[in-house]
Amino acid sequence: MREQAPAAVVSGQSTVATQVTGDEAADASTQAVVDVAAVAASTSDSSSAEEITAKAVDETASTPPAQQSEQAPTLTAAEDDFNALYGNPEYDPVADSTLPPGVVMPSSYDPWEPFNRRVHDLNNFIDRYFAAPLARLYVKAIPRPMRLGVSNFFNNLGQPVGAVNALLQGRPKDAGFSLLRFSVNSTLGVGGLFDVASRMKVPYRDEDFGQTLAVWGWRTSRYVELPIFGPRTVRDIFGMLGDAPLSPLPHIGQEKAQTALRTLQLADIRSRLFSVDRMREGAADDYALYRDAWLQRRNYQIMSGIRDKQEQDSSLPDYLDEEIENPDVPIDAIPIQP
């Protein structure tokens, strides 16, 4: 009885092979039947082996093709027609021309980068050994309420310049706000030490002649970093020259008083930049981070002025429509006015 079992197994294998010939989706099922037959061969009864094998063949024949193979999905008639016409290429999302283009960060217009990097190193040296220690001493020696009064004082001095430039940009309403702030803070605010205008809900406007030139059409300008004065563009250098006659500090007759006010201004501004220093710690390229951050801030100031002149776009997010109050971080890294 034990010697006849292999013959039954061979017979069972032959039966399975004839039933699944030509069906590519049933390869796995055929192997399963062969395995069942091999198990049956180890039994002591040849009739039992034949019954097990026949039962496995019947179960395989009754199994739907979709369950026999998951690697052969059924295509619709439309998919068959499409593949017949155009083939069946593998989908590549990178090469899909129907997808929108990826986000591209605006490139900085910096053709003088080698020169600017050397000046940046010089400014970092000045900042490390002069401006930053002066600001730390200023913060340590002057209480915060008094430092706030100093910031208000210098912000108030810039309001006449902002009023003239807002008028040149065709924004008489903003020019009126700047003049109103200057008048209120200079009188009720004790020379600008107290920001009474903000409590009266008078909006703050910070405009300069560089922004005016941009509104007039000079949008793109190459980046340049000046010793001591810090980051600028060529357009902003002309803007400095245009704002110089309106700045009150150069008109102070006494040279010592003018120097003292400039030093106080430098200490005040540098003390407000301590929070920005954390962004520069561990930067792979300090110059690129410094330049790109400054240009983005400058471009936002310019575009906000253009949006104020034109009709507001209702699709803009709310934070872009908010009024700009006294900025904690001014645009100039070392804001010594010419």
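Keep in mind the model is a prediction, meaning the values are calculated, not measured.

A closer look at the overall build of the protein
Move 1: Secondary structure summary: the protein contains 16 helices and two strands in total.
Move 2: Taken over 338 residues, the protein has a buried fraction of 36%.
Move 3: Within the protein, contacts between residues separated by at least 24 positions form 69% of all contacts whose residues are at least 6 apart in sequence.
Move 4: On the protein, roughly 21,000 Å² of surface is accessible, and the fraction owed to carbon and sulfur atoms is 60%.

Notes on the pattern of salt bridges
Move 1: As enumerated under the stated definition, the model contains 16 salt bridges in all.
Move 2: Salt-bridge contacts for Asp-174 lead to Arg-205; the nearest nitrogen and oxygen are separated by 3.1 Å. Of this pair, Asp-174 sits in helix α9 (residues 172-187) while Arg-205 sits in the loop between α10 (196-199) and α11 (209-215), placing them 31 residues apart in sequence.
Move 3: The structure contains a network of salt bridges with shared partners spanning Asp-110, Glu-113, Arg-117, Asp-285, Arg-291 and Asp-292.

Describing the packing of aromatic side chains
Move 1: Applying the stated criterion across every chain, the model contains six aromatic pairs.
Move 2: Centroid distance Trp-218 to Phe-238: 5.9 Å. Interplanar angle 50°. Geometry classified as tilted. Of the two residues, Trp-218 is situated in the loop between α11 and β1 (223-226) and Phe-238 in helix α12 (residues 234-243); the sequence distance between them amounts to 20 residues.
Move 3: Three or more aromatic residues joined by ring pairs form one cluster here, namely Tyr-223, Tyr-287 and Trp-294.

Brief notes about the pairing of strand β2 (residues 230-233)
Move 1: As judged from the four bridges shared by β1 and β2, these two strands associate in the antiparallel manner. Directly across from Val-224, in β2, lies its bridge partner Arg-232.
Move 2: Count of turn residues in the β1/β2 antiparallel hairpin: three residues, of which Ile-228 carries a positive phi of about 70°.

Some details on helix α8 (residues 159-168)
Move 1: Turning to α8, its buried residues are Gln-159, Val-161, Gly-162, Ala-163, Asn-165 and Ala-166.
Move 2: Buried residues in α8 make contact with α7 (144-157), α9, α11 and α12.
Move 3: Following α8 by one or two positions, Gly-170 has its phi on the positive side, about 80°.

Some points on the nonpolar core
Move 1: Tyr-223, Tyr-287, Tyr-290, Trp-294 and Leu-295 form the largest nonpolar core, which has five residues in total.
Move 2: Per-element accounting of this core gives the leading share, four residues, to helix α15 (residues 286-309).
Move 3: Apart from the residues within four sequence positions on either side, Tyr-287 is in contact with Asp-110, Glu-113, Asn-116, Arg-117, His-120, Tyr-223 and Glu-225.

A word on the environment of Arg-117
Move 1: Following the sequence through the fold, Arg-117 ends up in helix α6 (residues 113-141).
Move 2: Residues Arg-117 and Arg-291 lie 174 residues apart in sequence; the distance between their C-alpha atoms is 10.0 Å.
Move 3: Residues within four places of Arg-117 in sequence aside, it is in contact with Asp-285 and Tyr-287.

Some details on the side chain of Asp-174
Move 1: Take Asp-174: its relative accessible area is 7%, and that puts it in the buried class.
Move 2: At a separation of 3.1 Å, a polar atom in the side chain of Asp-174 contacts the side chain of Arg-205.

Some points on the confidence of the model for the protein
Move 1: Averaged over all residues, the pLDDT of the protein equals 75, while 62% of them reach at least 70.
Move 2: Note that pLDDT drops below 50 for residues 1-26; the model gives that stretch 24 contacts with residues more than four away or on any other chain.
Move 3: Counting interchain partners and residues more than four positions distant, the pLDDT-below-50 stretch residues 319-338 has 55 contacts.

What about the packing of α6 against helix α13 (residues 255-272)?
Move 1: α13 packs onto α6 with a crossing angle of 85° between their chain directions and a minimal axis gap of 8 Å. Relative to α13, the element α6 is oriented roughly perpendicular. Residues Asp-127, Phe-130, Ala-131, Ala-132, Leu-134, Ala-135, Tyr-138 and Val-139 of α6 pack against Thr-263, Leu-264, Leu-266, Ala-267, Asp-268, Arg-270 and Ser-271 of α13.
Move 2: Residue composition of the contact of α6 with α13, by class: 10 nonpolar, two polar and three charged.

Conventions used here
- Residues numbered from 1 in each chain as written.
- Predicted model: local features only at pLDDT ≥ 70, side-chain atom pairs only at ≥ 80, totals over all residues.
- Heavy atoms only, no water.
- Helix = DSSP H or I, 4+ residues; strand = E, 2+ residues; numbered from the N terminus.
- Buried < 20%, exposed > 50% of the residue type's maximum accessible area, 1.4 Å probe, protein only.
- Contact = heavy atoms within 4.5 Å.
- Areas by Shrake-Rupley, 256 points an atom, 1.4 Å probe, with all protein chains shown as cover.
- Salt bridge = Lys/Arg side-chain N within 4 Å of Asp/Glu carboxyl O.
- Phe/Tyr/Trp six-rings, centres within 6.5 Å; stacked < 30°, edge-to-face > 60°.
- Pairing = 2+ DSSP bridges.
- Core = buried A, V, L, I, M, F, W, Y, C linked by side-chain atoms within 4.5 Å.
- Polar contact = N/O pair within 3.5 Å; in protein donor to acceptor, adjacent residues only side chain to side chain.
- pLDDT = per-residue confidence, 0-100.
- Axes fitted to C-alpha atoms, helices over the stretch in contact; angles between N-to-C directions.
- Parallel < 35°, antiparallel > 145°, perpendicular 65-115°, else oblique.
- Nonpolar A, V, L, I, M, F, W, Y, C, P; charged D, E, K, R; others polar.

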